[in-house]
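Observations on chain architecture
Each chain is listed here by its residues.
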Amino acid sequence: MRAEKQYLIAEVESHLRKSDYVILANFTGITVSEVAELRGRLAAEKAEFHVVKNSSLRVAATSLGLPALDGALAGPTAIVVGGKNSAGVAKILKQFFKDKQKIEVKAGILSKKLITPKQVEQLADLPSLEILRSRFLGLLNQPAALFVRVVNAVPQGMVNVLQAKARAQS
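Residues numbered from 1 in each chain as written. Predicted model: local features only at pLDDT ≥ 70, side-chain atom pairs only at ≥ 80, totals over all residues. Heavy atoms only, no water.

Overview of the packing of helix 1 (residues 3-16) against helix 3 (residues 54-63)
Closest axis-to-axis distance for the helix 1/helix 3 pair is 9 Å, and the angle between their directions is 60°. By the criterion of interaxial angle, the relationship of helix 1 to helix 3 is oblique. The two elements helix 1 and helix 3 cross, and the hand of that crossing is right-handed. For the pair helix 1 and helix 3, contact is made by Leu8, Ile9, Val12, Glu13 and Leu16 and by Ser56, Leu57, Val59, Ala60, Ala61 and Ser63, respectively. (Axes fitted to C-alpha atoms, helices over the stretch in contact; angles between N-to-C directions. Helix = DSSP H or I, 4+ residues; strand = E, 2+ residues; numbered from the N terminus. Parallel < 35°, antiparallel > 145°, perpendicular 65-115°, else oblique. Left-handed = near helix turned anticlockwise from the far one by under 90°. Contact = heavy atoms within 4.5 Å.)

Topic: the side chain of glutamate 13
For glutamate 13, the location among the structural elements is in helix 1. Assessed through its relative accessible area of 16%, glutamate 13 is described here as buried. (Buried < 20%, exposed > 50% of the residue type's maximum accessible area, 1.4 Å probe, protein only.)

Concerning the packing of helix 2 (residues 32-43) against helix 4 (residues 86-100)
For the pair helix 2 and helix 4, the least separation of the axes is 10 Å and the interaxial angle reads 150°. Comparing their axes, helix 4 and helix 2 come out roughly antiparallel. Here helix 2 runs over helix 4; the crossing is right-handed. Contact with helix 2, carried on its side by Glu34, Glu37, Leu38, Arg41 and Leu42, involves Val89, Ile92, Leu93, Gln95, Phe96, Asp99 and Lys100 of helix 4 and no other residues of that element. Counted by class, the contact of helix 2 with helix 4 contains six nonpolar, one polar and five charged residues. (Nonpolar A, V, L, I, M, F, W, Y, C, P; charged D, E, K, R; others polar.)

A closer look at the confidence of the model for the protein
When pLDDT is averaged across the protein, the result is 80; 99% of the residues are at 70 or more. Mean pLDDT across the elements of the protein ranges from a minimum in helix 6 (residues 129-169), with 78, to a maximum in helix 2, with 86. (pLDDT = per-residue confidence, 0-100.)

What to know about a nonpolar patch on the surface
A grouping of Phe136, Leu137 and Leu140 is seen on the molecular surface, where their side chains present a nonpolar patch of about 320 Å² in accessible area. The topology assignment puts leucine 140 in helix 6. (Patch = residues over 30% accessible without salt bridge, like charges linked within 9 Å, V, L, I, M, F, W, Y side chains within 5 Å. Areas by Shrake-Rupley, 256 points an atom, 1.4 Å probe, with all protein chains shown as cover. Salt bridge = Lys/Arg side-chain N within 4 Å of Asp/Glu carboxyl O.)

A look at unusual backbone geometry
One non-glycine residue, lysine 46, adopts positive backbone phi at about 60°. By the element assignment, lysine 46 lies in the loop between helix 2 and strand 2 (48-52).

Observations regarding the sheet that holds strand 1 (residues 21-26)
If you trace the five strands from one edge of the open sheet to the other, you get 2-3-1-4-5, paired in antiparallel fashion. Lying at the two open borders of the sheet, with one neighbouring strand each, are strand 2 and strand 5 (113-115). Each strand of the sheet is rotated relative to its neighbour by a mean of 25°, with strand direction disregarded. Where strand 1 and strand 3 (residues 77-81) come together, three bridges link them in antiparallel fashion. Bridging from a neighbouring strand, leucine 24 pairs with isoleucine 79 of strand 3. The strands touched by helix 5 (residues 117-125) are strand 1, strand 4 (104-110) and strand 5; relative to strand 4, the strand with the most contacts, the crossing angle is about 80°. (Pairing = 2+ DSSP bridges.)

Quick notes on helix 3
Listing the buried residues of helix 3 in full gives Asn54, Ser56, Leu57, Ala60 and Ala61. Angularly, the buried residues of helix 3 cover 155° about the axis, an arc narrow enough to put them on a single face. Where the residues of helix 3 are buried, they touch helix 1, strand 1, strand 2 and strand 3. In the stretch just after helix 3, glycine 65 is the one whose phi turns positive, near 80°. (Arc of directions from axis to C-beta.)

Shown next, in the form of structure tokens:
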């Protein structure tokens, strides 16, 4: 294999190692300024947008043990990797696609499993990690709060009865 090709494959491998997800996109018709705008949006999630050769991506994915991407590697391909919030990155891509109507998701890889564009869209519809954490903590706190209310109900009931009796006597 030529040295240039080995370099390209090694570069794609280094991109793929940056996160446990990869989103493949078709970027036909997108301008340089729009790519810069998308990269700026993705930077908020510490994600990166890279244009790659399909053959290099295929070889790099195979060498890293990722699922076969043959069905998704038609036409120009860009990958989005990096950061820890795959749902946040999917939201950014979904919003960008909605705004520009130029970029489309081809497929994705999440935890070494191939996902469809529809599943990437479902990932984008998930609440953010912070919201999920706060909901989880709310669920954990709920039984304790209910227990405190039940334990507090007996003394509170007694106080209410005494107050009513005091009002009746006055």
